[in-house]
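A structural walkthrough
Spelled out from the first residue to the last, the chains are:
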Amino acid sequence: MERLHLAGAGAVTTKTIRLIDCINPKPHMFLNSRDSLVNCEKWTDLSADQWIKTEIPRAVRGGVVVIASIGHTLPESSRLAEPVAASGAAMIELVSYDEADLIPMVTDIRRRVKCPVLVKLSPNGKRFLETAQRCVAAGADAITACDSLGPVLRIDIRTGRPALAGANGTGWLSGRAIKPVILQRVAELRNSLTCPIIGLGGVMEAADAIEMAMAGATFVGLCTALILRGPEYLSKLRSDTEKMLDELGYANFASVSGVALQYLRQPEQTSPLKFAYVASKCIHCGQCVKTCCYQARSLSTDGTMDVDIEKCHYCGLCVDVCPTRALTFCKEDPEHV
Ligand SMILES: Cc1cc2nc3c(=O)[nH]c(=O)nc-3n(C[C@H](O)[C@H](O)[C@H](O)COP(=O)(O)O)c2cc1C
Ligand code: SF4
Ligand code: SF4
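Here goes a summary of the coordinates provided. (Residues numbered from 1 in each chain as written. Chains lettered and ligands numbered in written order. Predicted model: local features only at pLDDT ≥ 70, side-chain atom pairs only at ≥ 80, totals over all residues. Heavy atoms only, no water.)

With that settled, the discussion passes to helix 9 (residues 233-248). For helix 9, which comprises 16 residues, the first-to-last C-alpha distance of 22 Å matches the rise-based estimate of 22 Å (1.5 Å per residue) to within 8%. Residues of helix 9 that are buried: Tyr 233, Leu 234, Leu 237, Thr 241 and Leu 245. For helix 9, the angular spread of buried residues about the axis comes to 105 degrees, placing them on one side. Of the exposed residues in helix 9, the ones pointing more than 90 degrees away from its buried face are Glu 242, Lys 243, Asp 246 and Glu 247. Turning to helix 9, the residues buried within the fold contact helix 1 (2-6), helix 7 (206-214) and helix 8 (224-229). Positive backbone phi, approximately 85 degrees, marks Gly 249, located one or two places after helix 9. (Helix = DSSP H or I, 4+ residues; strand = E, 2+ residues; numbered from the N terminus. Expected span 1.5 Å × (residues − 1). Buried < 20%, exposed > 50% of the residue type's maximum accessible area, 1.4 Å probe, protein only. Arc of directions from axis to C-beta. Contact = heavy atoms within 4.5 Å.)

Counting residues in hydrophobic clusters, the biggest one holds 64 residues, and the most contacted among them are Ile 92, Leu 94 and Ile 143. Sequence-distant contacts of Ile 143, that is, excluding residues within four places in its chain, are made with Val 119, Leu 121, Ala 132, Cys 135, Val 136, Leu 189, Leu 193, Cys 195, Pro 196, Ile 197 and Ile 198. Core analysis: the second largest hydrophobic core is formed by 14 residues, Met 305, Cys 312, Cys 318 and Cys 322 among them. (Core = buried A, V, L, I, M, F, W, Y, C linked by side-chain atoms within 4.5 Å.)

By the definition in use, this model includes 2 aromatic pairs. Ring centres 6.0 Å apart and planes at 15 degrees place the aromatic pair Phe 275 and Tyr 314 in the stacked group. Residue Phe 275 is found in strand 14 (residues 275-277), and its partner Tyr 314 is found in the loop between strand 16 (305-307) and helix 12 (317-321); the two are separated by 39 residues along the sequence. On the basis of relative accessible area, Phe 275 is assigned to the buried category, the value being 1%. Among the aromatic side chains, those forming a connected cluster through ring pairs are Phe 275, Tyr 314 and Phe 329. The aromatic ring of Trp 43 is capped on one face by Arg 18, whose charged end is 4.4 Å from the ring centroid. (Phe/Tyr/Trp six-rings, centres within 6.5 Å; stacked < 30°, edge-to-face > 60°. Lys NZ or Arg CZ within 6 Å of the ring centre and 35° of its normal.)

Lining the immediate surroundings of ligand 3 are 13 residues, of which Cys 282, Cys 285, Gly 286, Cys 288 and Cys 322 lie closest. By residue class, the composition of the shell around ligand 3 is 9 nonpolar, 4 polar and no charged. (Near = heavy atom within 4 Å. Nonpolar A, V, L, I, M, F, W, Y, C, P; charged D, E, K, R; others polar.)

Let us look at the pairing of strand 3 (residues 36-39). Along strand 3, one buried face is formed by Ser 36 and Val 38 and the opposite face, lined by Leu 37 and Asn 39, is buried too. As paired strands, strand 2 (residues 29-33) and strand 3 are joined by 4 bridges and run antiparallel to one another. Within the sheet, the bridge partner assigned to Phe 30 lies in strand 3 and is Val 38. Turn length for the strand 2-strand 3 hairpin, with the two strands adjacent in sequence and antiparallel, is 2 residues. (Pairing = 2+ DSSP bridges.)

This is how it looks when you write it as C-alpha cells:
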C-alpha cells in the first residue's frame, strides 16, 4: 500500500476483509491475454485482526489514504466497520454479491461510521442500475464500478484441465478485456446518479483512464495494471495521463468527466461517413484493405489508395485498424479516397 501511495495513488483499497478464513485455490491467477487476467482469488488471506491492528495503522502512518474493503455479509460488515474505521481507514467500501445483503449493509454501516461509505458493484447483475440507486438511497456516498466480470473459463490445452484451480475451474475476468463493459456501466450510472463514481475495470494506460472519465467516472481505479506492471507503474500512468490531457486540450482530469454523455443520448446516425486519407502518413501496410469484409478498399502497387463507395457499408473498421491515422473520418472535408 505504501508503494502505491509513493507512486501517486490518491487512495489505496485493501483486499476485501472478512471474518471467514481464506484458503485460495492454487493456482488462482492466469494471464488471459497480454493485458488481462482471469483469477479465482478469494478475499484477503490475512485475518481481520491483522488488518485492524497492523496493516491499516501502518499504512496510515506511512501517509496512505486507506479505503477498507469489507464484506460480504451483513453480520460481517456490522462487526468490521467500526474497528476498521477506528484503525485509521479514511473510507469504507462495501462488497457483496447478493443484493439482499448489500442494501441492508449500506443502511447499517451508514449508521455505524462517520467516514464516507462506498459500494462496489459487480458488473454482472441484471438490476445493476437499480441496485446502485438503492445503495445511494440507503446512504452510500460513492459507487465503485466495477468488480471483475464473469464467471469465465480458460483451459490449458496441454492438460485439458481448467487453467484455474477453483471450484468448476471458473474465475473472473479483469483488465483490458472488460473495459467496454465497465465503460457502459459507468455511463449508465452517471446518467442517473450525481455521487462520485470510481471507474474501475480495464484501465491499463493513460488513454483508458481518460476514456473512463469521459464515460462519467469521477475517479479511476486500477488493479490488473498494477499486478502486471508493478505498483510503480502508477506514476508513469499519472504523468502520461497529464500529458495526454494536455494534448487533447483539457485543463485537468476533472474537466473530462462525462464529456461523452451528451453524445450517448443522440439518436442513431445512419448517414454515410466521409473518409480523409493522408498519403504521406500511409505506410502501405494493407491492413485497411485486408480488414474490409466488402472488398471495398484497395491499395494499388504504386501505393494509390482507393475506396469503392458502391461497395462500402461504412462499417468504420478500416479507419480503426489504420496504425498511423493515415485514414480517418473527416466531417468537414468531403474528400473520398
Ligand atoms: C487477483 C485479483 C484479486 C482481486 N481481489 C479482490 C478483492 O479482494 N476484493 C474486491 O472487491 N475486488 C477484488 N478484485 C477485483 C478488482 O478490485 C477490480 O474490481 C477488477 O479487477 C477490475 O479492475 P481491473 O480491470 O483494473 O483489474 C480482484 C481482482 C484481481 C485481478
Ligand atoms: S468502412 Fe468498412 S466497408 Fe467501407 S471501406 Fe472501410 S472497412 Fe470497407
Ligand atoms: S491501414 Fe493505414 S497505413 Fe496501412 S495501408 Fe491502410 S491507410 Fe495506409
